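Chain by chain, the residues run as shown.
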Amino acid sequence: MPDCQPSLLSDADLRAADLSWAYNRPAGSAMPADELQGWKQRVAQFQATVKADPSVQGSLFDVVNASPAETLDPFTLLPRNAEFWRGQFQETGVPALYFVVDHDAAVLLYVGETVKSNQRWKGVHDCKRYILSYVEAHRVHSLPVAVNIGFWPHADGDRKARQSLELELIRRWRSPFNKENWAIWSTPFVGGKLEP
């Protein structure tokens, strides 16, 4: 008879726990606090100019013709815990754009698109690792951080149209976790992949 107690978790659940946000982090990889604060401040200052962009301002009639890329404010979407995907859902969700935001710093970190909003982050997604690195960098220095995800459920059902809008938003907001903007921000949170 074995000396260990049988696990209540399946092999797949145990594997997921090993790859979860709380494990497998390299020791001693802390970013200096002043560097982290400076990086966030640069991103936040740029994105504040996007929010204040006068081209979005106009008459009531102009808004009707404006693209969602010009009018959508990711900071006003209902924030959900970044681990929402662990919940039980009755439905797969809807076509949507989603935004990972640090509400404490007013920084939009990532823009994505999905055809099934309730299932997008199940399984492997590199942005989960970026978020973990980002949050860990704050925790090491006891700095406040509030990373959440917000969904805009009005995205086009057509994948190409959704991806086109996603790219417009990535370029407009210069979200640092999107690879299109890595060179702009020298993003320190996207290095190294976790082994499956």
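This text goes with the structure placed above it.
For the structure given in this document, a descriptive report is provided here. Note that this is a predicted model, so its numbers are computed, not measured.

## Comments concerning helix α2 (residues 33–51)
Thought 1: For α2, with 19 residues, the first-to-last C-alpha span of 27 Å sits near the 27 Å given by 1.5 Å per residue.
Thought 2: Each element contacted by the buried residues of α2 is listed here: β2 (96–102), β3 (107–114), α5 (126–140), α6 (159–173) and α7 (182–185).

## Observations regarding the packing of aromatic side chains
Thought 1: Evaluation of the coordinates by the stated rule reveals eleven aromatic pairs.
Thought 2: An aromatic cluster of three or more residues is present, and its members are Trp39, Tyr130, Tyr134, Phe177, Trp182 and Phe189.

## Some words on the pairing of β3
Thought 1: The buried fraction of β3 amounts to eight of the eight residues, a majority that puts the element mostly inside the structure.
Thought 2: Direction of pairing for β2 relative to β3: antiparallel, over a ladder of seven bridges. Bridging across to β3, Phe99 finds its partner in Val111.
Thought 3: The antiparallel pairing of β2 with β3 creates a hairpin that spans four residues between the two strands, and Ala106 there sits at a positive phi of about 55 degrees.

## Side note on the pattern of salt bridges
Thought 1: Scanning the model with the defined rule gives two salt bridges in all.
Thought 2: Glu113 is paired through a salt bridge with Arg162; the nearest N and O atoms lie 2.6 Å apart. Of the two residues, Glu113 sits in strand β3 while Arg162 sits in helix α6, which places them 49 residues apart along the sequence. Taken individually, Glu113 and Arg162 each receive the classification buried, so the pair is uniform in this respect.
Thought 3: Asp126 is paired through a salt bridge with Arg129; the nearest N and O atoms lie 3.4 Å apart. Taken as a pair, Asp126 and Arg129 lie in helix α5 at a separation of three residues, close to a single helical turn.

Each value, and the rule that gives it
Residues numbered from 1 in each chain as written. Predicted model: local features only at pLDDT ≥ 70, side-chain atom pairs only at ≥ 80, totals over all residues. Heavy atoms only, no water. Helix = DSSP H or I, 4+ residues; strand = E, 2+ residues; numbered from the N terminus. Expected span 1.5 Å × (residues − 1). Contact = heavy atoms within 4.5 Å. Phe/Tyr/Trp six-rings, centres within 6.5 Å; stacked < 30°, edge-to-face > 60°. Buried < 20%, exposed > 50% of the residue type's maximum accessible area, 1.4 Å probe, protein only. Pairing = 2+ DSSP bridges. Salt bridge = Lys/Arg side-chain N within 4 Å of Asp/Glu carboxyl O.

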